[in-house]
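Examining the three-dimensional arrangement
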Amino acid sequence: MLLSAQDEEFRHRVRQWLAENLTGRFAALRGAGGPGREHEAHAERLAWNRHLAAAGWTCLGWPAEHGGRGATLAQQVIFHEEYARSEAPARVGYLGEELLGPTLIAFGTAAQQRRFLPAIAAVRELWCQGFSEPGAGSDLAAVATTATLEGDQWVITGQKVWTSLAHVADWCFVLARTLPGSRRGAGLSYLLVPMRQPGITVRPIRQLTGTSEFNEVFFDGARTDRDLVVGAAGDGWRIARATLAVERGAATLGQQVMFRRELDALVEVARRSAAGTDPLLRDKLARAWIGLEVMRAHAVATMASAGALDSGAPDSGVGGTGAEASVMKLLWSRWHQGLGELAMEVLGASSMVARGAPYDLDDWQRLYLFGRADTIYGGSDEIQRNIIAERALGLPRMARP
């Protein structure tokens, strides 16, 4: 991606602001949070996220009229890269800012935009995503949660699973079946549901890492207002696909900066140990470096082609297939999971021993264990390959029950 003089000046401003503000009460937050570590310093990271918002560093790609900065794609990439390089803490408002916000800008009513976008931009309200279910994880069209209209409210019954940060969320965007007897993507609606009500129960799921950032969410007659459906009732499948497409936007480049930091650290570990003289491990480390370079080149090319991202609108990929986002998910999930496996090889026998009781993992053990989920959450590898085959390559659809 070629950067202009204005882009480089923007990079300097971002870098300077982060250096000046990741100090004092926020200094200890460097590196806090992220996958497998969302339990770390949540209240402090929320305060940091609101500090970012007050300075205008949230919702960069949103149009100015919706509370954003109207930043170009290049500037969004620059921000996420510099944010990752500074080791700033993982943001707690990600799901609202990066997923729901762009979806509401593209498909929401003016009233919905006025109600929710300012609170997302200011990080006053946190969101979670109610898509996956026990019987509809990667096969999202098999959603069984139902919502029926009773007067001026939708009444929701069902279960969601793997709901990240549901235990701290104020609201959830929920995919539910609103047309009785409908099948697959038909008859689904995209509802905005308040989490703090008697009809909702959140149960943490303990992960391999010993932490619980994922949850089960049970809807037992939960309610939301009739006008809190995004798009038309029954059109939720199209809206949900747009949300999933925008999920792999400019932040992908920031994610790759963090991957680079992990890889560089692993190379240093290898250099200080016998692993550094093992030709097979040296070859694997070199291949990991090449894989990361390929990933970055693909991400830059894909996002540069997706002009809709410049305005913050959801984009389903070049040509509207959505397959490009699936290629990116396939690339990073396999690479990152492989890095965790490689770390175990570099560390050798010591990788099998926890630092202390009851379950005190080091960063490499946490990377390996949490990485088992990389190829599952956000759409499993099998589903991503089907999307690529059917939408991009035009191969026959896989037989479905």
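Residues numbered from 1 in each chain as written. Predicted model: local features only at pLDDT ≥ 70, side-chain atom pairs only at ≥ 80, totals over all residues. Heavy atoms only, no water.

Brief notes about the overall build of the protein chain
- Each helix and strand in the protein chain was counted, giving 11 helices and eight strands.
- Its C-alpha atoms give the protein chain a radius of gyration of 21 Å, near enough to 21 Å, the size a compact globule of 401 residues would have.
- Structurally, the protein chain occupies a C-alpha span of about 70 × 50 × 50 Å along its principal axes.
- With 401 residues in all, the protein chain has 53% of them scored as buried.
- For the protein chain, restricting intrachain contacts to residue pairs at least 6 apart in sequence, the fraction spanning at least 24 positions comes to 72%.
- Summed over its atoms, the accessible surface of the protein chain is roughly 18000 Å², and 56% of this surface lies on carbon and sulfur atoms.
- Of the side chains in the protein chain, 43 bear a positive and 44 a negative charge, and the two mean positions are spaced by 1 Å. (Helix = DSSP H or I, 4+ residues; strand = E, 2+ residues; numbered from the N terminus. Rg over C-alpha atoms; globule rule 2.2 N^0.38 Å. Buried < 20%, exposed > 50% of the residue type's maximum accessible area, 1.4 Å probe, protein only. Contact = heavy atoms within 4.5 Å. Areas by Shrake-Rupley, 256 points an atom, 1.4 Å probe, with all protein chains shown as cover. Lys, Arg positive; Asp, Glu negative; His and termini not counted. Charge placed at Lys NZ, Arg CZ, Asp CG, Glu CD.)

Overview of the packing of helix 9 (residues 323-347) against helix 11 (residues 381-392)
- Between helix 9 and helix 11, the shortest axis-to-axis distance is 9 Å and the interhelical angle comes to 150 degrees. Relative to helix 11, the crossing made by helix 9 is left-handed. Counting all contacts with helix 9, which are made through A323, S326, V327, K329, L330, S333 and R334, the residues of helix 11 involved are D381, Q384, R385, I387, I388 and A392.
- Considering only residue class, the contact of helix 9 with helix 11 consists of six nonpolar, three polar and four charged. (Axes fitted to C-alpha atoms, helices over the stretch in contact; angles between N-to-C directions. Left-handed = near helix turned anticlockwise from the far one by under 90°. Nonpolar A, V, L, I, M, F, W, Y, C, P; charged D, E, K, R; others polar.)

Quick look at the packing of aromatic side chains
- Overall, the coordinates contain 17 aromatic pairs when judged by the stated rule.
- Pairing W17 with W57 gives two aromatic rings, centres 6.1 Å apart and planes at 55 degrees, and the pair type is tilted. Here W57 lies in the loop between helix 2 (42-54) and helix 3 (73-85) and W17 lies in helix 1 (residues 5-21), a separation of 40 residues in the sequence.
- With a relative accessible area of 15%, W17 lands in the buried category.
- Judged by its relative accessible area of 5%, W57 falls in the buried class.
- Here F79 and Y83 contribute two aromatic rings whose centre-to-centre distance is 5.6 Å and whose plane-to-plane angle is 35 degrees, an arrangement assigned as tilted. Here F79 and its partner Y83 are both found in helix 3, four residues apart, which amounts to about one turn of the helix. Residue F79 shares its accessibility class with Y83, and that shared class is buried.
- The rings of F10, W17, F26, W48, W57, F79 and Y83 are connected pair by pair, giving a single aromatic cluster. (Phe/Tyr/Trp six-rings, centres within 6.5 Å; stacked < 30°, edge-to-face > 60°.)

Let's talk about the environment of I239
- Residue placement: I239 occurs in helix 6 (residues 236-246).
- As a C-alpha pair, I239 and L95 span 144 residues in sequence and 15 Å in three-dimensional space.
- Not counting residues up to four positions away in its chain, the partners in contact with I239 are T103, F107, Y190 and V230.

Some thoughts on helix 2
- Between its first and last C-alpha, helix 2 extends 18 Å over 13 residues, near the 18 Å set by a 1.5 Å rise per residue.
- Of all the positions in helix 2, only R45, L46, W48, N49, L52 and A53 are classed as buried. Each buried residue of helix 2 sits inside an arc of 160 degrees when the element is viewed along its axis, so together they form one side. For helix 2, the exposed residues lying more than 90 degrees away from the buried face are A43 and A54.
- Positioned one or two residues after helix 2, G56 has a phi angle of 85 degrees, which is positive. (Expected span 1.5 Å × (residues − 1). Arc of directions from axis to C-beta.)

Some words on the nonpolar core
- Grouped together as the largest cluster of nonpolar side chains are 27 residues, with contacts concentrated most on L100, W127, F173, Y190 and L192.
- Elements with a contribution of two residues or more to this core: helix 4 (94-107), helix 5 (110-121), strand 4 (171-177), strand 5 (188-194) and helix 6.
- Residues contacting L100, with those up to four places away along its chain left out, are L95, I120, W127, F173, Y190 and L192.
- Grouped together as the second largest cluster of nonpolar side chains are 26 residues, F259, A288, M328 and W332 included. (Core = buried A, V, L, I, M, F, W, Y, C linked by side-chain atoms within 4.5 Å.)

Here we look at helix 11
- With 12 residues, helix 11 ought to run about 16 Å at 1.5 Å a step, and its terminal C-alpha atoms sit 16 Å apart, in line with that.
- Burial in helix 11 covers these residues: D381, Q384, N386, I387, I388, A389 and E390.
- Looking at the buried residues of helix 11, the elements they touch are helix 9.
- G394 occupies a position one or two residues after helix 11 and carries a positive phi of about 70 degrees.

A closer look at the side chain of T243
- Checked against the element boundaries, T243 lands in helix 6.
- Here the side chain of T243 touches Y190 through a polar contact of 2.9 Å, side chain to side chain.
- Once residues within four sequence positions are removed from consideration, T243 is found in contact with L99, T103, Q129, F173 and Y190. (Polar contact = N/O pair within 3.5 Å; in protein donor to acceptor, adjacent residues only side chain to side chain.)

Details of the side chain of Q384
- Along the chain, Q384 falls in helix 11.
- Looking at Q384, the relative accessible area reads 2%, which means it is buried.
- Among the polar contacts listed, one links the side chain of Q384 to the side chain of S326, at a separation of 2.7 Å.

Side note on the pairing of strand 4
- Among the seven residues that make up strand 4, seven are buried, leaving the element largely enclosed by the rest of the structure.
- Going residue by residue along strand 4, you find W171, F173, L175 and R177 tucked away on one face and C172, V174 and A176 tucked away on the opposite face as well.
- Pairing between strand 1 (residues 127-130) and strand 4: four bridges, direction parallel. Looking across to strand 4, one finds that W127 is bridged to W171.
- Where strand 4 meets strand 5, seven bridges bridge the pair, whose relative direction is antiparallel. Note on strand 5: the bridge partner recorded for L175 is Y190. (Pairing = 2+ DSSP bridges.)

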